[in-house]
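# Examining the three-dimensional arrangement
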Amino acid sequence: MHCGACVGTCPVNALTLDETVVRVNDECIHCGLCTVVCPVGALEDKED
Amino acid sequence: MPEVQEWDVVVVGAGPGGSMAAREAARNGLRTLMIEKRQDIGAPVRCGEGMARVWLDEVGITPDRRWIAHEVKGARIVAPNGKFVTLTEEQAGNETGFVVHRDIFDRTLAEAAVRAGARTMVKCAATGVIKDGKGAVIGVRARHWGNELELRAPIVVAADGYESQVGRWAGIETKLAPKDINTCIQYELVGIDIDPDINEFHLGSQSPGGYIWIFNKSDDSANVGIGVNLAMIEGRAQAKHYLDRFIEKHPNLKKGQNVETVAGAVSVGLPLDQTAADGLMLVGDAARMIDAITGGGVVNACKSGMIAGRVAKECHEAGDFGRAFLQRYERRWRAEMEEQLIRNYVAKEKLITLSDDVFNKVVDSLQGFKIERITTRDVLRMVQSRYPEVVKELEDLL
């Protein structure tokens, strides 16, 4: 949906929305909030 | 090398808050640039599109047939068991009266900013703030059709909504706790059976920590959506699942066809403690000026945007863009709306704890009463007479 809900929710500002791609930078702490906020469940957190 | 441009004020974001700030700044003679990351101001419509009429005059917006989709006379608060009470337009607050085409509404406000003298750039995304040696914001970096820009201005207005990057870049704490976030999704359903004069709000555990709205866009179509609280949903059950479940249970909606899906999130906490930094003001959703009960933000975005536009002018007159000078922005928007925001936040915190049983009993107690002349004391008395055990739970709320 590219709505940006995850970007605004990320507590460490690790996400950016680049057109249709959500990019995650090294700041990610794998809290999983972005996967919860996604209204359509499009995100998954794989810790590696 | 990035292309450098000099402006009196740069506004980031062309939603209602940004456009009102740009309009006001331009009217006051400032060289004003408003940038929008999307190619299309107003779209996608991340909004239930319900809007009161009364406040428009205050901020100098003339109701316009282009953006009024439909008019309603009131709203229905529907309990989980399907019983409801009907409120008049005045009682239903900021979200009832007009149902609008938000994309055209936003476009109209942007046009007004342009006609006042503002310049716009769409498909222009802010990528960072420019700071001087002392840490004051003196512009934004942006990308426009692949070109890197340095948009320099002694004062920047951040109207970048829920995502609100600019405030963070400038060092303002904008972090949200999960309990202060509602995740939302909405459909535009066509070919449904509704009472065209009445919008609906459905409460209870079918939309944990939020509500389901049915805001009529014509006699047989509506913006049907949901907001659910991040701290209250089961696991990763998404907003979409809750909304689909609701529609599945309502044959009058299920028969409709969806012509648009939009998703997003909204903050339902308190407004930020700090909405100004050296060279920067935050307006609207970016400053978390959201009615925590309804999730509505357009009215406050417009009001704070207008205040910010005027303060930008005063900054230029005084030659002072520092945080101390910008306290006048803090003072003015808080005087205008903060008390109401706090009151509704406190009420919301209580509301979301009520069980379906309590919602059902309260709405049941109010059956058959004329709501127009009702006071909160009347509500308590009526509930007391039918369900004395429930009154304790309501006392804090009312």
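Everything that follows concerns the structure shown earlier in this document.
Attention here is on the structure that accompanies the text. (Residues numbered from 1 in each chain as written. Chains lettered and ligands numbered in written order. Predicted model: local features only at pLDDT ≥ 70, side-chain atom pairs only at ≥ 80, totals over all residues. Heavy atoms only, no water.)

## Some words on the sheet that holds strand β14 (residues 181-190) of chain B
Residues and elements named next belong to chain B.
- Pairing in this open sheet of seven strands is mixed, and the strands run β7-β6-β15-β16-β17-β14-β18 from one edge to the other. The open sheet terminates on both sides in strands that have one partner only, identified here as β7 (84-88) and β18 (257-267). Looking at each pair of strands side by side, their axes are set apart by 20° on average, direction ignored.
- Across nine bridges, β14 lies against strand β17 (residues 221-229) in antiparallel orientation. Opposite Cys184, over in β17, you have Gly227 as the bridge partner.
- Strands β14, β15 (198-202), β16 (211-218) and β17 of the sheet are contacted by helix α4 (residues 239-249), whose axis makes an angle of about 40° with β14. (Pairing = 2+ DSSP bridges. Helix = DSSP H or I, 4+ residues; strand = E, 2+ residues; numbered from the N terminus. Axes fitted to C-alpha atoms, helices over the stretch in contact; angles between N-to-C directions. Contact = heavy atoms within 4.5 Å.)

## Focus on the layout of surface pockets
Residue and element names in this part refer to chain A.
- Considered as a void within the structure, the second largest pocket measures approximately 300 Å³ in volume.
- In terms of lining, the second largest pocket is formed by 20 residues, of which the most central are Leu15, Val24, Cys28, Cys34 and Asp45.
- Put simply, the parts of the chain that give the lining of the second largest pocket at least two residues each are β2 (21-24) and α2 (33-37).
- Ranked by residues supplied to the lining of the second largest pocket, first place goes to α2 with three residues.
- Each residue belonging to the lining of the second largest pocket can be placed in one class, and the counts come to 13 nonpolar, three polar and four charged. (1 Å grid on protein atoms, 1.4 Å probe; cavity = no way out; pocket = protein on both sides within 12 Å on 5 of 7 lines; lining within 4 Å. Points joined across faces, edges and corners; volume = space filled by probe spheres on them. Nonpolar A, V, L, I, M, F, W, Y, C, P; charged D, E, K, R; others polar.)

## Section: the packing of helix α1 (residues 16-27) of chain B against helix α2 (residues 102-115) of chain B
All names here are of chain B.
- Running from N to C, α1 and α2 point in directions that differ by 15°, and their axes come no closer than 8 Å. With respect to α2, the element α1 is oriented roughly parallel. The interaxial crossing formed by α1 with α2 has left-handed handedness. For the pair formed by α1 and α2, the contact residues are Pro16, Ser19, Met20, Ala22, Arg23 and Ala26 on the first element and Arg102, Phe105, Asp106, Leu109, Ala110, Ala112 and Ala113 on the second.
- When grouped by side-chain class, the residues that make up the contact of α1 with α2 number nine nonpolar, one polar and three charged. (Parallel < 35°, antiparallel > 145°, perpendicular 65-115°, else oblique. Left-handed = near helix turned anticlockwise from the far one by under 90°.)

## Thoughts on the packing of α1(B) against helix α6 (residues 298-318) of chain B
Residues and elements named next belong to chain B.
- Contact pair α1 / α6: the axes reach a minimum separation of 7 Å and the direction vectors enclose 30°. Taken together, the axes of α1 and α6 are roughly parallel relative to one another. Crossing angle aside, the handedness with which α1 passes α6 is right-handed. Listed contacts from α6 to Pro16, Gly17, Met20, Ala21, Arg23, Glu24 and Ala25 of α1 are Val298, Ala301, Cys302, Gly305, Met306, Gly309 and Arg310.
- Classifying every residue of the contact of α1 with α6 gives eight nonpolar, three polar and three charged.

## Overview of the environment of A:Gly32
- Inspection of the secondary structure puts A:Gly32 in the loop between β2 and α2.
- Between the C-alpha atoms of A:Gly32 and A:Asp45, which are 13 residues apart in sequence, the distance is 6.2 Å.

## Brief notes about the state of the cysteines
- Scanning the entire structure with this criterion turns up zero disulfides over all chains.
- Between B:Cys47, a cysteine without a disulfide, and B:Cys184, which holds the nearest cysteine sulfur, the sulfur-to-sulfur distance is 10 Å.
- Counting only cysteine sulfurs, A:Cys3 is the nearest neighbor of B:Cys184, a cysteine outside any disulfide, at a range of 9.1 Å. (Disulfide = S-S within 2.5 Å.)

## Quick word on the interface of chain A and chain B
- Listed by partner, the interface residues are 23 residues for chain A and 27 residues for chain B.
- Summed over both sides, the interface of chain A with chain B buries roughly 1900 Å², with 55% coming from carbon and sulfur.
- Our count for the contact surface shared by chain A and chain B stands at zero salt bridges.
- In this assembly, chain A and chain B are joined by seven residue pairs in polar contact (both at pLDDT 80 or more).
- Of all elements in the fold, only α1 (5-9), β1 (15-18) and α2 of chain A reach the threshold of two or more residues within the side of chain A that touches chain B. (Buried area = accessible area lost by both parts, 1.4 Å probe. Salt bridge = Lys/Arg side-chain N within 4 Å of Asp/Glu carboxyl O. Polar contact = N/O pair within 3.5 Å; in protein donor to acceptor, adjacent residues only side chain to side chain.)

## Section: the sheet that holds strand β19 (residues 276-277) of chain B
All names here are of chain B.
- Strands sit in the order β9-β3-β2-β13-β20-β19 across an open sheet of six strands; the sheet is mixed. Of all the strands in the sheet, just β9 (119-122) and β19 have a single pairing partner and so form its edges.
- Relative to strand β13 (residues 155-158), strand β2 (residues 9-12) runs parallel, the two sharing four bridges. Considered in β13, the bridge of Val11 is made with Val157.
- Contacts from α6 reach β2, β13 and β20 (280-282) within the one sheet, and its direction differs from that of β13 by about 170°.

## Quick look at α1(B)
Residues and elements named next belong to chain B.
- Between its terminal C-alpha atoms α1 stretches 16 Å, which fits the 16 Å expected from twelve residues at 1.5 Å a residue.
- In terms of burial, α1 is largely enclosed, as eleven of its twelve residues are buried.
- Among the structural elements, β2, β3 (32-36), α2, β13 and α6 are those in contact with the buried residues of α1.
- Backbone geometry just downstream of α1 places Gly29 in the positive-phi region, at approximately 90°. (Expected span 1.5 Å × (residues − 1). Buried < 20%, exposed > 50% of the residue type's maximum accessible area, 1.4 Å probe, protein only.)

## Considering the packing of aromatic side chains
Residues and elements named next belong to chain B.
- Scanning the entire structure with this criterion turns up six aromatic pairs over all chains.
- Aromatic side chains Trp67 and Phe98 sit 6.2 Å apart centroid to centroid with 85° between the ring planes, which places their arrangement in the edge-to-face category. Here the residue Trp67 occupies a position in the loop between β4 (50-51) and β5 (68-71), and Phe98 occupies one in strand β8 (residues 98-100), the gap between them amounting to 31 residues.
- Using a relative accessible area of 1% as the deciding quantity, one classes Trp67 as buried. (Phe/Tyr/Trp six-rings, centres within 6.5 Å; stacked < 30°, edge-to-face > 60°.)

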